[in-house]
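Inside the fold
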Amino acid sequence: MKNNMKMWAFGLLLAAGFPACDKKPTSETATVDQPTVATVNVPAFNADSAYAFVAKQVSFGPRVPNTAAHRACGDYLVSKFKGYGANVIEQTFTAKAYDGTVLSLRNIMAQFNPKASKRILLAAHWDTRHMADKDPKNPTKPNDGANDGASGVAVLLEIARQLQSNPGSQNVGIDLMLFDGEDYGQDAAETWCLGSQHWGKNLVPSGYNAQYGILLDMVGAKNARFGKEETSRTYAGDVVEKIWRTAHKIGYSDYFPMIDAPGITDDHVFVIQYTNIRMADIIAYDPTSPDGFFGEYHHRHTDNMDIIDRNTLKAVGQTVLHVVLTEQ
Ligand code: AHN
Ligand code: ZN
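Note that the structure is a prediction, hence the values are computed from the model and not measured.

So, about the site of ligand 1. H125, D148, E182, D183, W192, D217, M218, T265, F294, H298 and H299 make up every residue found near ligand 1. With respect to ligand 1, the side chain of D148 contributes an N or O atom lying 3.0 Å from a nitrogen atom. Contact between ligand 1 and D183: a nitrogen atom at 3.1 Å from a side-chain N or O atom of the residue. Residue composition of the shell around ligand 1, by class: three nonpolar, four polar and four charged.

Okay, the coordination of the zinc ion (ligand 2) next. In the first shell of the zinc ion (ligand 2), the protein supplies D148 (OD), D183 (OD), D183 (OD) and H299 (NE2), at 1.9 to 2.4 Å from the metal. Taken in sequence order, the residues that donate to the zinc ion (ligand 2) follow the motif D-x34-D-x115-H. Of this pair, D148 sits in helix 5 (residues 146–165) while D183 sits in the loop between strand 4 (173–179) and helix 6 (194–201), placing them 35 residues apart in sequence. Across this residue pair, the class does not change: D148 and D183 are buried.

Turning our attention to the pattern of salt bridges. For the structure on display, the rule yields 12 salt bridges. The salt bridge partner of D175 is R119, with a shortest N-O separation of 2.7 Å. Pair noted here: D175 is in strand 4 and R119 is in strand 3 (residues 119–125), with a separation of 56 residues, a long-range link. In this structure, D175 and R119 share a single accessibility class: buried. Of the charged contacts in the structure, one is a salt bridge between D238 and R278, with a shortest N-O distance of 2.6 Å. A residue pair is termed long-range when its members are at least 10 positions apart, and D238 in helix 8 (residues 237–249) and R278 in the loop between helix 9 (267–274) and strand 8 (279–283) qualify at 40 residues. Classification of D238 by relative accessible area gives partly exposed; the value is 41%. By relative accessible area, which is 30% here, R278 ends up partly exposed. In this structure, a network of salt bridges that share partners links the residues D75, E90 and R106.

Looking now at the nonpolar core. Formed by 74 residues in total, the largest nonpolar core has its most connected members in F81, L122, I159, L176, F226 and F256. Here this core gets 10 residues from one element, more than from any other, and that element is helix 5. Once you skip the residues sitting within four places of it in the chain, F226 turns out to touch M218, V219, W244, Y255, F256, P257, I282, I283, A284, T312 and V316. Membership of the second largest hydrophobic core comes to 13 residues, among which are A123, F179, A210 and V271.

In this section: the environment of A189. With respect to the helices, strands and loops of the structure, A189 is situated in the loop between strand 4 and helix 6. Linking A189 and F270, residues 81 residues apart in sequence, is a C-alpha distance of 9.8 Å. When sequence neighbours within four positions are dropped, the list of residues in contact with A189 reads Q197, T265 and F270.

Where the model shows low pLDDT, its predicted coordinates should not be examined in detail. Averaged over every residue, the pLDDT of the protein chain is 90; the share at 70 or more is 88%. For residues 1–35, every residue scores under 50 in pLDDT, and the model assigns this stretch 14 contacts once sequence neighbours within four places are set aside.

Remark: helix 3 (residues 47–59) packs on helix 10 (residues 310–325), axes separated minimally by 9 Å, with the N-to-C direction vectors making an angle of 110°. The angle between helix 3 and helix 10 places the two elements in the roughly perpendicular class. At the point where helix 3 passes helix 10, the crossing takes the right-handed sense. Here A47, D48, A50, Y51 and V54 of helix 3 lie close against helix 10, whose contacting residues are R310, L313 and K314. Looking at the contact of helix 3 with helix 10, its residues break down into five nonpolar, no polar and three charged.

On to the environment of S59. Within the fold, S59 resides in helix 3. The class for S59 is exposed, based on a relative accessible area of 54%. Considering only alpha carbons, one finds S59 and A69, 10 residues apart in sequence, at a separation of 9.0 Å. At 2.5 Å, the side chain of S59 and the backbone oxygen of K56 are in polar contact.

Direction vectors running N to C along helix 4 (residues 68–83) and helix 5 enclose 20°, while the axes themselves pass 9 Å from each other. In terms of orientation, helix 4 lies roughly parallel with respect to helix 5. Touching Y76, L77, K80, F81 and G83 of helix 4 are V153, L156, L157, A160 and Q164, all from helix 5. Of the residues contributing to the contact of helix 4 with helix 5, the split by class is seven nonpolar, two polar and one charged.

Quick look at the pairing of strand 5 (residues 212–217) now. The buried count for strand 5 comes to six of six residues, which makes it a mostly enclosed element. The alternating pattern of strand 5 places Y212, I214 and L216 and G213, L215 and D217 on opposite faces, both of which are buried. Bridge analysis of strand 3 against strand 5 gives five bridges, and the strand direction is parallel. Looking at the pairing, L121 lines up with G213 of strand 5. Note that strand 5 and strand 8 share five bridges and pair parallel.

About the criteria used
Residues numbered from 1 in each chain as written. Chains lettered and ligands numbered in written order. Predicted model: local features only at pLDDT ≥ 70, side-chain atom pairs only at ≥ 80, totals over all residues. Heavy atoms only, no water. Near = heavy atom within 4 Å. Polar contact = N/O pair within 3.5 Å; in protein donor to acceptor, adjacent residues only side chain to side chain. Nonpolar A, V, L, I, M, F, W, Y, C, P; charged D, E, K, R; others polar. Donors = N, O, S within 2.8 Å, 3.2 Å for Na, K, Ca; no water. Helix = DSSP H or I, 4+ residues; strand = E, 2+ residues; numbered from the N terminus. Buried < 20%, exposed > 50% of the residue type's maximum accessible area, 1.4 Å probe, protein only. Salt bridge = Lys/Arg side-chain N within 4 Å of Asp/Glu carboxyl O. Core = buried A, V, L, I, M, F, W, Y, C linked by side-chain atoms within 4.5 Å. Contact = heavy atoms within 4.5 Å. pLDDT = per-residue confidence, 0-100. Axes fitted to C-alpha atoms, helices over the stretch in contact; angles between N-to-C directions. Parallel < 35°, antiparallel > 145°, perpendicular 65-115°, else oblique. Left-handed = near helix turned anticlockwise from the far one by under 90°. Pairing = 2+ DSSP bridges.

Structure, rendered in structure tokens:
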């Protein structure tokens, strides 16, 4: 039925496309060459909606673990995912931070098409750092975490909204995972990413597996560039190539240049370490920055709504939506 529909649409396209002309336009030639690529089935990722989801999270205040803003935002995220028809799983736990603070944390997973055996995992961290310690001014106060925290979550919320609005668009199960406690670290790798470490060692649902995963971190800043991060290349090279190829194909090559980035500690490292899931990190890379990787807003008070750009959210959101919805 689905194939017949495609064949029918294909014939219609040929008939309508070149009535009395033998010179085929390039875009339609591409369709002739690859008639099975389901480009038309991918809905438009709404960047205004994603932007509003960033602003909404920021409006709670910094989402620092053990604060009221963190709890309230967590409750909001759970209720939004439920409203979009997802099967929501909350994993609550405590973890000891580098400074001895016991943090009350919550990983939130929203499952779509929960019965499907072939699954794709999309993730982001929803907590924000307890201090803007790279900022010369007020380095012990937390920032808004508009990019570092809210942006990846906002893209996943918009993807959830699209999945509800386009039932049947997915051929696979899709799990949206919000990790907690990513940003409460200091120096050593294991002091970061407390939520993904806990989940990797205590999988829920138990025995969980996915074909692969994609992590989103700092995906909303103006003029962002995403480099191919080293751990992603090493352990999820095919996923990296699929993402970058897709981005180029649908018009976002500016945001996804074919450049390698060094390895960093992020949630994908622990997903790779503790589970059987290979995961690629889409994370902004600025080789000109003083630390050689992170943007100038990173862990500073300038990480607020002023640096968020709908065009970046669109480039990432549309690319990831295209990747997951073209999986068979
Ligand atoms: C490092 O600072 C090396 N890793 C932490 C990665 C990170 C922080 N992502 C967002 N905030
Ligand atoms: Zn951070």
